[in-house]
Each structure stands twice: as C-alpha cells, then as structure tokens.
2 protein chains.
Amino acid sequence: MRETPVSPPERKPSRIQTENRQRIRDAALGLFATQGFRGTTLDQIADACGMHKPNLIYYYESKEAIHIDLLNTLMEEWLSPLGAMDPGGDPLEEILGYIHRKMEMSRLYPRESRLFANEIVQGAPRMLPHLESTLKPLFDSQCGIIAKWIKDGKIADLHPAHLIFSIWAVTQHYADFEAQIAVLLPGDDKRARGADQFVEVMFRKVLTP
Amino acid sequence: MRETPVSPPERKPSRIQTENRQRIRDAALGLFATQGFRGTTLDQIADACGMHKPNLIYYYESKEAIHIDLLNTLMEEWLSPLGAMDPGGDPLEEILGYIHRKMEMSRLYPRESRLFANEIVQGAPRMLPHLESTLKPLFDSQCGIIAKWIKDGKIADLHPAHLIFSIWAVTQHYADFEAQIAVLLPGDDKRARGADQFVEVMFRKVLTP
DNA sequence: TCGTAACTTTACCAAATGGTAAAAAACTTG
DNA sequence: CAAGTTTTTTACCATTTGGTAAAGTTACGA
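About the cut-offs
Residues numbered from 1 in each chain as written. Chains lettered and ligands numbered in written order. Predicted model: local features only at pLDDT ≥ 70, side-chain atom pairs only at ≥ 80, totals over all residues. Heavy atoms only, no water. UniProt positions renumbered as here; feature names shortened; annotations may be inferred. Helix = DSSP H or I, 4+ residues; strand = E, 2+ residues; numbered from the N terminus. Phe/Tyr/Trp six-rings, centres within 6.5 Å; stacked < 30°, edge-to-face > 60°. Buried < 20%, exposed > 50% of the residue type's maximum accessible area, 1.4 Å probe, protein only. Lys NZ or Arg CZ within 6 Å of the ring centre and 35° of its normal. Contact = heavy atoms within 4.5 Å. Buried area = accessible area lost by both parts, 1.4 Å probe. Salt bridge = Lys/Arg side-chain N within 4 Å of Asp/Glu carboxyl O. Polar contact = N/O pair within 3.5 Å; in protein donor to acceptor, adjacent residues only side chain to side chain. Nonpolar A, V, L, I, M, F, W, Y, C, P; charged D, E, K, R; others polar.

As annotated in an unreviewed UniProt entry, chain A is TetR family transcriptional regulator C-terminal domain-containing protein from Marivita cryptomonadis.

So this is what it looks like as structure tokens:
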C-alpha cells in the first residue's frame, strides 16, 4: 500500500517501471490507433498487455495520461524525417528522400500514423499546443528551405506548405486508409513496392522544374 | 404506446418521420465526424437536434443504426463524382474536373469526409461490405477508363489505382486534417483558393504525358 | 369532431467503464 | 534474512450510457 502512487515518479523510474510503462504504451498504441481514445477501454489495454486494470492506474494516473504520453513520446520521432531535410543537399533528392522515409514509416509504423490521424481528425484536442510549439516552427523552417530551392530554380515553383501537405497526405494515406486500399487493390505482396514506385515517379514529375 | 416501434417503417414513412430522421442524421453526422462512433453519446445527439434520447430510439432502433444509415445514405453521393468521369471526354480535363469536384466537396462537406475517415482509419468495421459491393466495382471501372487513356497516350503512364489513391489522399486531407492545417497555415480567407491552385497545378504536371 | 394511430416525454434500468481501497505478494537492501 | 518498499491483485464503487416501459400528448383521417 502506498498513499502517493509512484506515478509520476519522484526520482528515477525503476527498471520495472520503465518496462511496464513501455508495455502499456505498446498495447495502448494499437488500441487507440484503431478504436480511438473513447473507443478504447482500460480493460482492453490491460488485457492486451497482460496486466490488471488497477495496475495501469498505478503506472499512469488515468487513461488520458496514457494517451497524452503516447502522443508526446511519438511526436518527435514521427517528425524527425522532416527535420532531416538538409538545406545543403541536392533539393530534388532531399525531398524525394523525405518522401521515401515517410513511405517507409507508413509501412513500418501504421499504428503511429493512425494514432495521429485519429487525433487530428477529431480536432487535435490533446495535441494542438504541441502542434503550435513543436510542429509549427519546424514546418516553417522547412518551408523556408523549400522556398529557397524554388527561388534558386532547383525545383518547380510550388507553394511549399501545400507541397508538404500533399506529401503527408499521399504517404500517410497508405497507412491510415489501409482498410480501403486492401479492398480495392488486393494482392498484398507487391502493393508496397507499387506504392513506392508510384509516389517516387509522381513527385519527381511534380518537383522537376 | 406501441408494441412494434415504427422503425423500420412497415409502409411509407410519414412527413414527420422523414423530417425527424433527417434532423437526427444531421446532428449525428457532426458528432460522429469529430468524435467517432464510440466517442459520441445518444444524449449528445439528442441535445444537438433538440430531441429526447428515447425519441431517437423511436426513429432508429439503436445508436449503431444511426451510424449505419448515415454511412449508407452518404456513400453514394460521396462517390458520385468518381462515377461522373466520362470515358468520352478529354482525359486531362476529366480527371482535373474530378479533382476539382473533390476539392469542392472537402470544402463544402468536411463532416462527411471526416465521418468516412474515422470509419476507414478504424478498419471500416461497418463499411467493409459496402466497400466491396459498391465502391470496388466503380473503382475498377474508372481505373479501366484511366488505363485506356494511358494506353492511348492521352495522359502520363501512371498506375491508375495509385493515381486515384493520391487524388483521394490530397483532396480529402484538406478536410480531414483541417485542425493541423489551420495551425500551420493561418489566415483563413485565401487558404482554400491556394489549395485549389496548388492541386490543379500539381496534378496537371503529373498527368501531362 | 371524435377515435385511433403516431409521436413525445418522464421515469427508469442493467451493463459497462474509469477509477479507488486495501490486502497480498514480490522485490530490494542493509 | 529481516524490514521496508515496490508491485500486483482482489473486491469494490460511482457515473455514464445505451436502451426500455409506459404514460401523456399531438396529428389526422373518417
């Protein structure tokens, strides 16, 4: 029995704490991604990670705390490819590289993609501040890089912000709308490669001056 | 008191039935779109359309029935622009026209777009059969039209299915991810026009052989 | 205009759900 | 290994929520 639960931990989290929080996040990620926040119950999360409900609350003070921690934890690694565009590199290859990395993420981390999709579609109730403070500055900076490439005539003259939107839209579509794509384009095996090729060809055409 | 509720109606629905079902659908649409199915309560729907909860159940036998009716009712008008592509028309203008209509729908009917987005992101639990039976044949047929245009050298050689996916992705992104776009690109007034122009230019480049 | 069917409202209910209390078990450390 | 601390488990609880029962009210055709 403890009066003050260990979450949030006063000092350093123990090994068990680190592990179990990770287990919880991993289970919650899949459920939140496909059922949304309200569509997911604590019992489901507990089941999925082989723990009991009160144990979740021992590590996270509420269901919402799990969701928030997930969003915050995943946000930066989700955005990291955007920041990786190098202003000194070859413009066309930098952007195509970014697109390639986004496609890879859609394939490897569809749960993360859908988690964010759910959050944004529903008006980003828990992420708006984070979008303002973290995404916006990065976005503006990368738009600036693209604008310069355009001014230098290295790539086609397109509105940088809308260009990034279209990249996000197309690449994340493959993760977020997979259920639909699976119906319309059966034949699992080579779908990913076909998508990669298409996106590469499409954006190369778009970006070439 | 009635033993057999009037839903589903045995014969022809009365004027009041038609009106009230419409009121319910309209209220439910906005709520399901931004909160998802499980995130929306019957009380919220009742509130939003100025009715009492049991009254909803008088017109729809369950919350799920409202959701299903919404999806079915909106599906065909949502898809109608795709079917409107004319195999006899000018290929480039037909596709660009379709894109234009999709952008318009994103602007005019964001709730419908988000309703479907929610449904698909969550694995289309209530729409999979409908996708198979209604969307798939239409999709295949329109892919066929595009394939022929490609074979005739009228537009660039791109995988028709992925082309349509990219059109859906980009156009619907403006409705589904509006919360994010509003943060990244403030200044409401000319955002829609900028988006329209961008998308037009982008796909014209992509489609031109 | 009157009777009946259609519609609305009030008062409920059972199950699900987020969360708590506190005892039991396991682990750590002097 | 003993004492204290952390972690897990069992038993609950209050609220929310989808839905029902049934009485009250309105609309409408004969």
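A. Representation of the UniProt feature "domain: HTH tetR-type" (unreviewed entry) in chain A in the model. UniProt tags residues 18-78 of chain A as "domain: HTH tetR-type" (unreviewed entry). In residues 18-78 of chain A, the share of helix is 79% and the share of strand is 0%. The end C-alpha atoms are 21 Å apart.

B. Region of the structure containing the packing of aromatic side chains. Applying the stated criterion to the full structure yields 14 aromatic pairs over all chains. Aromatic side chains Phe139(A) and Phe165(A) sit 5.6 Å apart centroid to centroid with 10° between the ring planes, which places their arrangement in the stacked category. In this pair, Phe139(A) is assigned in helix α7 (residues 128-151) and Phe165(A) in helix α8 (residues 160-176), connecting sequence segments 26 residues apart. An angle of 50° between the planes, with centres 6.1 Å apart, marks the rings of Phe165(B) and Trp168(B) as tilted. Pair noted here: Phe165(B) and Trp168(B) are both in helix α8 (residues 160-176), with a separation of three residues, about one helical turn. The exposure class of Trp168(B) is buried, given its relative accessible area of 3%. Taken together, the aromatic side chains of Phe139(A), Phe165(A), Trp168(A) and Tyr174(B) make up a single cluster linked through ring pairs. A cation over an aromatic ring shows up here: Arg126(A) above the ring of Phe37(A), its NZ or CZ 3.9 Å from the ring centre. Between the NZ or CZ atom of Arg21(B) and the centre of the ring of Tyr60(B), over which it lies, the distance is 5.7 Å.

C. Spatial organisation of the interface of chain B and chain A. The interface of chain B with chain A comprises 56 residues on the first partner and 56 residues on the second. Together chain B and chain A conceal approximately 4700 Å² of surface at their shared face, both sides included; 73% is due to carbon and sulfur atoms. It is Val121(B), His162(B) and Leu184(B) that lose the most area in chain B upon contact with chain A, and together they represent 15% of the buried surface on that side. The tally of links from chain B across to chain A stands at zero salt bridges. At the boundary of chain B with chain A, the tally comes to 10 residue pairs in polar contact (both at pLDDT 80 or more). Elements with a minimum of two residues in the side of chain B that touches chain A: α1 (15-35), α6 (110-121), α7 (128-151), α8, α9 (178-184) and α10 (191-207) of chain B. Here the side of chain B that touches chain A is composed, by residue class, of 32 nonpolar, 16 polar and eight charged.

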